[in-house]
Amino acid sequence: MGKTKIEWCTHTMNPIKGKCPMACSYCYARRMYDRFHWNPAIREDVSVYDMLDSCKAGSKIFVGSTMELFGEWVTPLMRSNMFHVCELYPDLTFIFLTKQPQNLPIAFDDNCWVGVSCTNRQMWIDAQRHLSKVQAKVKFYSFEPLLGDVVGQMETAYFRLALENAGINWVIIGQQTPDKPETTPKLEWIQRIVEACDDGKIPVFLKNNLEYLIRGVDFSRQLRQQFPEVKS
C-alpha cells in the first residue's frame, strides 16, 4: 500500500497480487508484470493491511488498483478477509471499482464506496442493472477510459433518471493513458454526462488527463473535481 497519483484517492492497497486475468488492453499493471517479470500467480498478501494503521482518519483507500477483485479468480475467503479489514477501520474510506458488477455483494459497510467501470454505453447499461441492487453509502460510475458515447443526443434526461434510479451519487470521467488521438473521447460525450449529472445534482470528478481537452469550455472553466457528500 502506498501514496498514489490517482486524484480521487489518497492511497492504493492491493491485498490480491498477481497478473489480472481481465486482460484489459490498456492495463498498465499487466505491462508492469511483463516488464519486470513479477510473479503472475493470483495470491493473497495480508501484509499490506498492516500499513492501514499509519493512515490518517478520512483517508480514501482504493482497494485493488491492479486487480479485478470481483472475478472468479479471487476466492470468497480472500474477499471475506478484505471486507473484515474494512470493518476494523471505520475512520477510513475504502473504494472498490469493478468491471464485474454481477459479482458484487448486495450490502457493504458504511465506509465502503462501490463503483463500476464503464468504457462505453453497453457497459453502462449492464452496470446499472447490477449496481441498482447494491446497498452502499456511495455508489458511482467511473467512465475511464471513456471510449464511446454513453449518453446519446437528446438523452440527458433519460441518463439523469437512470442515475437516480440506480442510486448513483458520484461520477468519474477520464480518458485512456497515455493519451492518443484514436482513444481521445469527444468533447460532447463528456458534456452530456456532466449536464445530466448537474441536472441530478450528482458530483462529477474530471480526471487531470482531460484538462487540455476541456480547457475553456463553459462547464469546466476550472477542472471540476468534486466528491460525494457522505451523511453520517
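My aim in this report is to walk through the structure given alongside it, one point at a time. (Residues numbered from 1 in each chain as written. Predicted model: local features only at pLDDT ≥ 70, side-chain atom pairs only at ≥ 80, totals over all residues. Heavy atoms only, no water.)

## Observations concerning the pattern of salt bridges
Here's step 1: Throughout the structure, instances matching the rule amount to 10 salt bridges.
Here's step 2: A salt bridge links Asp34 to Lys19; its shortest N-O distance comes to 2.6 Å. With Asp34 in helix α1 (residues 28–36) and Lys19 in the loop between β3 (16–17) and α1, this pair connects stretches of sequence that are 15 residues apart.
Here's step 3: For Asp34, a relative accessible area of 44% corresponds to the partly exposed category. (Salt bridge = Lys/Arg side-chain N within 4 Å of Asp/Glu carboxyl O. Helix = DSSP H or I, 4+ residues; strand = E, 2+ residues; numbered from the N terminus. Buried < 20%, exposed > 50% of the residue type's maximum accessible area, 1.4 Å probe, protein only.)

## Looking at unusual backbone geometry
Here's step 1: Of note, the amide linkage connecting Glu144 to Pro145 takes the cis form, showing an omega dihedral of -5 degrees.
Here's step 2: That bond from Thr177 to Pro178 is cis: its omega, -5 degrees, falls within 30 degrees of zero.
Here's step 3: Of note in this structure, Ala23 is not a glycine but carries a positive phi near 55 degrees.
Here's step 4: Structurally, the position occupied by Ala23 is in the loop between β3 and α1.

## Concerning helix α4 (residues 156–166)
Here's step 1: Among the residues of α4, Thr156, Phe159, Ala162, Leu163 and Ala166 are the ones counted as buried. Looking straight down α4, one finds its buried side chains confined to an arc of 120 degrees; they lie on one side. When the buried face of α4 is taken as reference, the exposed residues oriented beyond 90 degrees from it are Ala157, Glu164 and Asn165.
Here's step 2: Those residues of α4 that are buried are in contact with α3 (121–131), β8 (138–143) and α5 (187–199).
Here's step 3: Phi turns positive one or two residues past the end of α4, at Gly167, with a value near 75 degrees. (Arc of directions from axis to C-beta. Contact = heavy atoms within 4.5 Å.)

## Side note on the nonpolar core
Here's step 1: Counting 56 residues, the largest nonpolar core has Leu52, Phe94, Phe96, Tyr141, Phe143, Ile173 and Ile193 as its most contacted members.
Here's step 2: The biggest single contributor to this core is α5, with 6 residues.
Here's step 3: The residues contacting Phe143, other than those within four sequence positions of it, are Cys118, Trp124, Val150, Phe159, Val171, Ile172, Ile173, Gly174 and Ile193.
Here's step 4: Core analysis: the second largest hydrophobic core is formed by 11 residues, Trp8, Ile95, Trp113 and Phe140 among them. (Core = buried A, V, L, I, M, F, W, Y, C linked by side-chain atoms within 4.5 Å.)

## Observations concerning the packing of aromatic side chains
Note on aromatic pairs: each is described by the distance of the centres and the angle between the planes.
Here's step 1: In this structure the tally under the stated criterion is 18 aromatic pairs.
Here's step 2: Plain terms: the ring middles of Phe70 and Phe83 are 6.5 Å apart, the flat faces sit at 25 degrees to each other, and that makes the pair stacked. One end of the pair, Phe70, is in the loop between β5 (60–63) and α2 (76–88); the other, Phe83, is in helix α2, and 13 residues separate them in sequence. Judged on exposure class, the residue Phe70 and its partner Phe83 are both buried.
Here's step 3: Relative to Phe108, the ring of Phe96 lies with its centre 6.1 Å away and its plane at 45 degrees, an arrangement referred to as tilted. With Phe96 in strand β6 (residues 93–98) and Phe108 in the loop between β6 and β7 (112–117), this residue pair connects regions lying 12 residues apart in the sequence.
Here's step 4: Taking the relative accessible area as the measure of exposure, Phe96 reaches 1% and is therefore buried.
Here's step 5: Through pairs of rings, three or more aromatic residues link up here, namely Trp8, Phe62, Trp113, Phe140, Trp170, Phe205 and Phe227.
Here's step 6: One Lys or Arg, Lys60, reaches over the ring of Phe227 and ends 4.7 Å from the middle of that ring. (Phe/Tyr/Trp six-rings, centres within 6.5 Å; stacked < 30°, edge-to-face > 60°. Lys NZ or Arg CZ within 6 Å of the ring centre and 35° of its normal.)

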